[in-house]
Amino acid sequence: MGLSTLMLPLLVFKPHKFAVAYTLGNLLMMASTIFLVGPKQQCQNMWTGNRALASCAYFGSVIGTIYAALFLRIYLLVLFFIAVQIGCVVWYALSYIPFGRQLVSKFLKPILKGVSALFSKLAKDCH
(Lines give C-alpha, C1' and ligand atoms only; values in the text may rest on other atoms or scores of the structure.)
Protein backbone atom coordinates (compact mmCIF):
# COMPACT_ATOMS: atom_id res chain seq x y z
CA MET A 1 0.00 0.00 0.00
CA GLY A 2 2.90 2.34 0.68
CA LEU A 3 4.40 2.09 -2.79
CA SER A 4 1.03 2.78 -4.36
CA THR A 5 1.23 6.33 -3.02
CA LEU A 6 4.05 6.91 -5.50
CA MET A 7 1.45 6.34 -8.19
CA LEU A 8 -0.96 9.00 -6.86
CA PRO A 9 -0.36 11.34 -9.83
CA LEU A 10 -1.66 8.51 -11.99
CA LEU A 11 -4.90 8.73 -10.00
CA VAL A 12 -5.50 12.22 -11.37
CA PHE A 13 -4.41 11.65 -14.96
CA LYS A 14 -5.33 7.99 -15.54
CA PRO A 15 -7.50 6.83 -12.63
CA HIS A 16 -8.41 3.55 -14.29
CA LYS A 17 -4.78 2.47 -14.58
CA PHE A 18 -4.17 3.45 -10.97
CA ALA A 19 -7.21 1.47 -9.83
CA VAL A 20 -6.09 -1.69 -11.60
CA ALA A 21 -2.49 -1.36 -10.35
CA TYR A 22 -3.63 -0.61 -6.80
CA THR A 23 -6.05 -3.54 -6.77
CA LEU A 24 -3.43 -5.94 -8.13
CA GLY A 25 -1.03 -4.71 -5.44
CA ASN A 26 -3.62 -5.40 -2.77
CA LEU A 27 -4.22 -8.89 -4.15
CA LEU A 28 -0.46 -9.54 -4.10
CA MET A 29 -0.39 -8.38 -0.49
CA MET A 30 -3.13 -10.89 0.31
CA ALA A 31 -1.22 -13.60 -1.57
CA SER A 32 1.87 -12.86 0.50
CA THR A 33 -0.02 -13.53 3.72
CA ILE A 34 -1.28 -16.78 2.20
CA PHE A 35 2.36 -17.66 1.52
CA LEU A 36 3.31 -16.91 5.12
CA VAL A 37 0.57 -18.78 6.99
CA GLY A 38 -0.70 -21.18 4.35
CA PRO A 39 -3.92 -21.07 2.33
CA LYS A 40 -6.01 -23.15 4.74
CA GLN A 41 -5.08 -21.09 7.79
CA GLN A 42 -5.53 -17.82 5.90
CA CYS A 43 -9.01 -18.82 4.73
CA GLN A 44 -9.95 -19.89 8.25
CA ASN A 45 -8.73 -16.56 9.59
CA MET A 46 -10.52 -14.54 6.93
CA TRP A 47 -13.92 -16.18 7.12
CA THR A 48 -14.40 -16.61 10.85
CA GLY A 49 -15.87 -14.23 13.37
CA ASN A 50 -15.66 -10.53 12.87
CA ARG A 51 -13.21 -10.75 9.96
CA ALA A 52 -15.80 -12.31 7.63
CA LEU A 53 -17.64 -9.04 7.00
CA ALA A 54 -14.40 -7.17 6.27
CA SER A 55 -13.28 -9.99 3.95
CA CYS A 56 -16.58 -9.98 2.07
CA ALA A 57 -16.53 -6.22 1.69
CA TYR A 58 -12.88 -6.33 0.61
CA PHE A 59 -13.39 -8.89 -2.14
CA GLY A 60 -16.58 -7.14 -3.23
CA SER A 61 -14.67 -3.86 -3.51
CA VAL A 62 -11.87 -5.56 -5.45
CA ILE A 63 -14.38 -6.88 -7.98
CA GLY A 64 -16.18 -3.54 -8.01
CA THR A 65 -12.95 -1.62 -8.60
CA ILE A 66 -11.90 -3.80 -11.51
CA TYR A 67 -15.38 -3.69 -13.05
CA ALA A 68 -15.75 0.08 -12.62
CA ALA A 69 -12.25 0.75 -13.94
CA LEU A 70 -12.19 -1.56 -16.94
CA PHE A 71 -15.80 -1.76 -18.07
CA LEU A 72 -17.83 1.15 -16.70
CA ARG A 73 -14.98 3.69 -16.63
CA ILE A 74 -16.80 5.86 -14.09
CA TYR A 75 -14.21 7.93 -12.23
CA LEU A 76 -16.20 8.55 -9.03
CA LEU A 77 -17.22 4.91 -8.76
CA VAL A 78 -13.57 3.87 -9.12
CA LEU A 79 -12.61 6.27 -6.32
CA PHE A 80 -15.43 4.95 -4.15
CA PHE A 81 -14.31 1.33 -4.54
CA ILE A 82 -10.67 2.25 -3.86
CA ALA A 83 -11.76 3.99 -0.66
CA VAL A 84 -13.75 0.91 0.35
CA GLN A 85 -10.70 -1.27 -0.35
CA ILE A 86 -8.53 0.90 1.88
CA GLY A 87 -11.11 0.87 4.65
CA CYS A 88 -11.53 -2.90 4.48
CA VAL A 89 -7.79 -3.59 4.55
CA VAL A 90 -7.32 -1.27 7.52
CA TRP A 91 -10.31 -2.78 9.36
CA TYR A 92 -9.06 -6.31 8.66
CA ALA A 93 -5.54 -5.44 9.84
CA LEU A 94 -6.93 -3.87 13.02
CA SER A 95 -8.58 -7.18 13.86
CA TYR A 96 -5.11 -8.62 14.50
CA ILE A 97 -4.22 -5.86 16.99
CA PRO A 98 -5.69 -6.43 20.47
CA PHE A 99 -8.47 -3.88 20.96
CA GLY A 100 -7.49 -2.25 17.65
CA ARG A 101 -11.00 -2.06 16.25
CA GLN A 102 -12.47 -0.85 19.54
CA LEU A 103 -9.88 1.93 19.80
CA VAL A 104 -10.42 3.13 16.25
CA SER A 105 -14.21 2.89 16.62
CA LYS A 106 -14.08 4.98 19.78
CA PHE A 107 -11.91 7.54 17.98
CA LEU A 108 -14.03 7.66 14.81
CA LYS A 109 -17.46 7.76 16.47
CA PRO A 110 -17.36 11.50 17.37
CA ILE A 111 -15.91 12.34 13.97
CA LEU A 112 -18.66 10.45 12.16
CA LYS A 113 -21.30 12.12 14.34
CA GLY A 114 -19.89 15.51 13.38
CA VAL A 115 -19.83 14.65 9.69
CA SER A 116 -23.37 13.31 9.91
CA ALA A 117 -24.56 16.49 11.63
CA LEU A 118 -22.84 18.59 8.98
CA PHE A 119 -24.50 16.69 6.13
CA SER A 120 -27.92 16.85 7.77
CA LYS A 121 -27.50 20.60 8.27
CA LEU A 122 -26.46 21.01 4.63
CA ALA A 123 -29.45 18.95 3.52
CA LYS A 124 -31.83 21.12 5.55
CA ASP A 125 -30.25 24.29 4.15
CA CYS A 126 -30.72 23.05 0.57
CA HIS A 127 -34.46 22.51 1.04
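Structure: see above.
About the cut-offs
Think of each chain on its own: its residues are numbered from 1, step by step along the sequence as written. Given that the model is predicted, a residue must reach a pLDDT of at least 70 before its local features are reported, and side-chain atom pairs must reach 80 or more before they are shown or counted; all residues, however, enter totals for whole chains, interfaces and linings. No hydrogens and no water enter the side-chain calculation; it runs on all heavy atoms of the structure. Under the scheme used here, helices are H or I runs from DSSP no shorter than 4 residues and strands are E runs no shorter than 2 residues, and both carry numbers assigned from the N terminus. To sort residues, take the accessible area from a 1.4 Å probe on protein chains only and compare it with the maximum for the residue type: under 20% means buried, over 50% means exposed, and anything in between is partly exposed. Contact definition: two residues touch when any of their heavy atoms are within 4.5 Å. Each accessible area is a Shrake-Rupley result for a 1.4 Å probe, and residues are judged covered by the shown protein chains and nothing else. Aromatic contacts are taken between Phe, Tyr and Trp rings whose centres are within 6.5 Å, Trp giving its six-membered ring; a plane angle under 30 degrees counts as stacked, one over 60 as edge-to-face, and the others as tilted. Sitting over a ring, as applied to charges here, requires NZ of Lys or CZ of Arg to be within 6 Å of the ring centre and within 35 degrees of the ring normal.

Caption draft 1: How the structure looks around the overall build of the protein chain. A count of helical and extended segments in the protein chain gives six helices and zero strands. Scanning the protein chain from its N terminus toward the C terminus, one meets helices and strands in the order α-α-α-α-α-α. Overall, the C-alpha framework of the protein chain stretches about 55 × 40 × 25 Å when taken along its three principal axes. Put simply, the protein chain has 127 residues, and 28% of those count as buried. Long-range pairs, those at least 24 residues apart, make up 57% of the contacts in the protein chain with a sequence separation of at least 6. For the protein chain, the exposed area adds up to about 8800 Å²; of that, 77% sits on carbon and sulfur atoms.

Caption draft 2: Representation of the packing of aromatic side chains in the model. If you walk through the whole model with that rule in mind, you get six aromatic pairs. Taking 5.5 Å as the distance between ring centres and 75° as the angle between the ring planes, the aromatic pair formed by Tyr92 and Tyr96 counts as edge-to-face. A relative accessible area of 13% means that Tyr92 is categorised as buried. In this structure Tyr96 comes out as partly exposed when scored by relative accessible area, which is 41%. Within the aromatic cluster, the residues linked to one another by ring pairs are Trp47, Tyr58 and Phe59. When the ring centre of Tyr96 is taken as origin, the NZ or CZ atom of Arg51, which lies over that ring, is 3.8 Å away.

Caption draft 3: View of the side chain of Arg51. With respect to the element layout, Arg51 can be found in helix H4 (residues 51-72). A relative accessible area of 15% means that Arg51 is categorised as buried. Ignoring any residue separated from it by four or fewer positions in sequence, one finds Arg51 in contact with Asn45, Met46, Tyr92, Ser95, Tyr96 and Arg101.

Caption draft 4: Focus on the side chain of Asn45. Within the secondary structure, Asn45 sits in helix H3 (residues 39-46). A relative accessible area of 18% places Asn45 in the buried class. What Asn45 contacts, discounting residues up to four positions off in sequence, is Arg51, Tyr92 and Tyr96.

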